[in-house]
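Structure assessment
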Amino acid sequence: AQSVTQLGSHVSVSEGALVLLRCNYSSSVPPYLFWYVQYPNQGLQLLLKYTSAATLVKGINGFEAEFKKSETSFHLTKPSAHMSDAAEYFCAVSESNFGNEKLTFGTGTRLTIIP
Amino acid sequence: GAVVSQHPSWVICKSGTSVKIECRSLDFQATTMFWYRQFPKQSLMLMATSNEGSKATYEQGVEKDKFLINHASLTLSTLTVTSAHPEDSSFYICSARVRDRAYQETQYFGPGTRLLVL
């Protein structure tokens, strides 16, 4: 079984400050890990994904995440927050076994940017 | 990236009616699509996996006779909410799985359909 825990349902940062959204996972096999962003009343947009290649993954909009197996973490960061980053962020995990592609989502973190 | 569309984007219907939601992959073929449901301020819950040319696989607790899924082509999956009731009001999101040359998979999501049952 796989699961995802996102610490902090709400995170507020000042514009220009570091963004750090936390994600810890549980998986019985080496995982695929994803971060998605959801703007109000819209679907999910893929930010980045980890699929057993480089542990530091760079995504769109200046976001990146680092896979740390020893900590079972995949935290999302951005060096300098922008007002347009305000949204809901979801971490997700799927098992890497071929054919098992179900995504399990975390409960989400709402990011607020303070002007 | 791959583009997935949904239609309609929102729908209001009377209790007891059926509503069909379409999910299309616009620039790629998808043998597998997924249907999710999202309640306000909550995460996405997988409802079912839709496979082209075969029956959908439903998650535990999801009524297959209420949520009919048809994946008739490689670019279209439909979700029909039959005899909708107010408790079916929700945000329904589909996704399509893309497998790249390295056999790595990514799901691309549609913009969602908001259903309100009166």
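Reference entry: report on the structure contained in this document. What you see is a predicted model, and the numbers here were worked out from it, not measured in a lab. (Residues numbered from 1 in each chain as written. Chains lettered and ligands numbered in written order. Predicted model: local features only at pLDDT ≥ 70, side-chain atom pairs only at ≥ 80, totals over all residues. Heavy atoms only, no water.)

**Considerations on the sheet that holds strand 3 (residues 19-25) of chain B**
All names here are of chain B. Cut-off, in case you're wondering: We call two strands paired when DSSP finds no fewer than two bridges between them. Per the convention used, a helix needs a DSSP run of H or I reaching at least four residues, while a strand needs a run of E reaching at least two, with both numbered from the N terminus. Helix axes are fitted to C-alpha atoms over the stretch in contact, other axes to C-alpha atoms as well, and angles between N-to-C directions run from 0 to 180 degrees.
In space, the four strands of this open sheet follow the order 1-3-8-7, with antiparallel pairing throughout. Looking along the sheet, the strands with just one partner apiece sit at the ends: strand 1 (4-7) and strand 7 (67-73). Neighbouring strand axes in the sheet, compared pairwise and without regard to direction, differ in orientation by 15° on average. For strand 3 and strand 8 (residues 76-81), the ladder comprises six bridges, and the chain directions are antiparallel. By the bridge assignment for strand 8, Lys20 is matched with Thr80.

**With respect to the state of the cysteines**
Under the convention used in this document: To count as a disulfide, a pair of cysteine sulfur atoms needs to be within 2.5 Å. Any residue under 20% of the maximum accessible area for its type is buried, any over 50% is exposed, and the rest in between are partly exposed; the area is computed with a 1.4 Å probe on protein chains only.
Taken as a whole and judged by the stated rule, the model has two disulfides over all chains. The disulfide bridge from Cys23 of chain A ends at Cys91 of chain A, spanning 2.0 Å between sulfur atoms. Because the sign of the S-S torsion sets the handedness, a value of about -65° for the bond joining Cys23 of chain A and Cys91 of chain A places this disulfide among the left-handed ones. Residue Cys23 of chain A is located in the loop between strand 3 (19-21) and strand 4 (24-26), and its partner Cys91 of chain A is located in strand 10 (residues 87-95); the two are separated by 68 residues in the primary sequence. Judged by its relative accessible area of 0%, Cys91 of chain A falls in the buried class. Unpaired in terms of disulfides, Cys13 of chain B finds its nearest cysteine sulfur in Cys94 of chain B, a separation of 18 Å. Looking at Cys13 of chain B, the relative accessible area reads 10%, which means it is buried.

**With respect to the interface of chain B and chain A**
Counted only if it meets this: The contact rule is simple, with two residues in contact once any of their heavy atoms fall within 4.5 Å. Buried area: the accessible area, evaluated with a 1.4 Å probe, that two parts lose upon being put together, summed over both parts. Salt bridge, as used here: a side-chain nitrogen of Lys or Arg that lies within 4 Å of a carboxyl oxygen of Asp or Glu. For this analysis, a polar contact is any N or O atom pair within 3.5 Å, provided that within protein one partner can donate a hydrogen and the other can accept it, and provided that sequence-adjacent residues contribute only side-chain to side-chain pairs. Side-chain classes are defined by residue name, with Ala, Val, Leu, Ile, Met, Phe, Trp, Tyr, Cys and Pro counting as nonpolar, Asp, Glu, Lys and Arg as charged, and the others, Gly among them, as polar.
Tallying the contact residues gives 23 residues for chain B and 20 residues for chain A. Together, the buried faces of chain B and chain A total about 1,800 Å²; carbon and sulfur atoms form 51% of this surface. Along the contact surface separating chain B from chain A lie zero salt bridges. Scanning the region where chain B abuts chain A turns up four residue pairs in polar contact (both at pLDDT 80 or more). Among the residues making up the side of chain B that touches chain A, the classes are represented as nine nonpolar, nine polar and five charged.

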